[in-house]
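What follows is each chain in one-letter form.
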Amino acid sequence: MSLPTTKRVNSAMLQNCIGETVRFVGEFKSRQHPVATFLASDKGSVTVVMNDTSQYGTKFVEVIGTVNPDRSITEMISTNFGDDFNMETYDAMVRKAQKFPSVF
């Protein structure tokens, strides 16, 4: 599957990305199919509408999907990022990527 170019976001950035495809990394907190809840790198809560093949097998997960008007994300694809991921450093990178998009 070919995916469109995506920007990395935290929870606060979702309001400016309605209808866009984004990359989001979060700490998996709970699942009540068809939705999952994540803690974002900026400590906000994000709801992800899972697809039929979602398998969150690690503590940290990257989700590529489309931002809905309610600021949830409809998942296209996800990747497990392991159980040891520095969210503080990742959030700093996300904020820099928004300031300097040509670098990222």
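Shown above is the structure to which this text applies.
Residues numbered from 1 in each chain as written. Predicted model: local features only at pLDDT ≥ 70, side-chain atom pairs only at ≥ 80, totals over all residues. Heavy atoms only, no water.

Given a rise of 1.5 Å per residue, 13 residues ought to cover 18 Å, and the 19 Å separating the end C-alpha atoms of helix 1 (residues 87–99) matches this to within 8%. Every buried residue of helix 1 is listed here: Met-87, Tyr-90, Asp-91, Val-94 and Ala-97. One side of helix 1 carries all its buried residues, which in axial view fall inside an arc of 120 degrees. Those residues of helix 1 that are exposed and angled more than 90 degrees off the buried face are Glu-88, Thr-89 and Lys-99. Its buried side turned inward, helix 1 meets strand 1 (7–9), strand 2 (21–32), strand 3 (35–40) and strand 5 (60–67). Structurally, the start of helix 1 carries an N-cap: the backbone nitrogen of Glu-88 is 3.1 Å from a side-chain oxygen of Asn-86. (Helix = DSSP H or I, 4+ residues; strand = E, 2+ residues; numbered from the N terminus. Expected span 1.5 Å × (residues − 1). Buried < 20%, exposed > 50% of the residue type's maximum accessible area, 1.4 Å probe, protein only. Arc of directions from axis to C-beta. Contact = heavy atoms within 4.5 Å. Polar contact = N/O pair within 3.5 Å; in protein donor to acceptor, adjacent residues only side chain to side chain.)

Glancing now at the pairing of strand 5. The buried count for strand 5 comes to 7 of 8 residues, which makes it a mostly enclosed element. With 7 bridges joining them, strand 2 and strand 5 adopt antiparallel strand pairing. The partner of Gly-26 across the bridge, within strand 5, is Val-61. Two elements, strand 5 and strand 6 (residues 73–82), share 8 bridges in a ladder whose sense is antiparallel. What sits directly across from Val-61, in strand 6, is Asn-80. Counting the residues that bridge the hairpin from strand 5 to strand 6 gives 5 residues, and of these Arg-71 lies at a positive phi of roughly 70 degrees. (Pairing = 2+ DSSP bridges.)

Here the structure, examined in full by the defined rule, presents 6 salt bridges. For Glu-62, the salt bridge goes to Arg-23, with nearest N and O atoms at 3.2 Å. With Glu-62 in strand 5 and Arg-23 in strand 2, this pair connects stretches of sequence that are 39 residues apart. One network of salt bridges, in which partners are shared, links Arg-8, Arg-23 and Glu-62. (Salt bridge = Lys/Arg side-chain N within 4 Å of Asp/Glu carboxyl O.)

Of the two faces of strand 3, the one holding Ala-36, Phe-38 and Ala-40 is buried and the one holding Val-35, Thr-37 and Leu-39 is not buried anywhere. Here strand 2 pairs with strand 3 via 6 bridges, running antiparallel. When the sheet's bridge partners are listed, Arg-31 is paired in strand 3 with Ala-36. Remark: 2 residues form the turn of the hairpin made by strand 2 and strand 3, two consecutive strands paired antiparallel. Bridge count between strand 3 and strand 4 (residues 45–49): 5 bridges; the pairing is antiparallel.

Looking now at the side chain of Asn-51. The topology assignment puts Asn-51 in the loop between strand 4 and strand 5. Residue Asn-51 is classed as buried on the basis of its relative accessible area of 16%. In this structure the side chain of Asn-51 is engaged in a polar contact, spanning 3.0 Å, whose partner is the backbone nitrogen of Ser-54. Within the structure, the side chain of Asn-51 is placed 3.0 Å from the backbone oxygen of Met-76, a separation counted as a polar contact. Residues within four places of Asn-51 in sequence aside, it is in contact with His-33, Glu-75, Met-76 and Ile-77.

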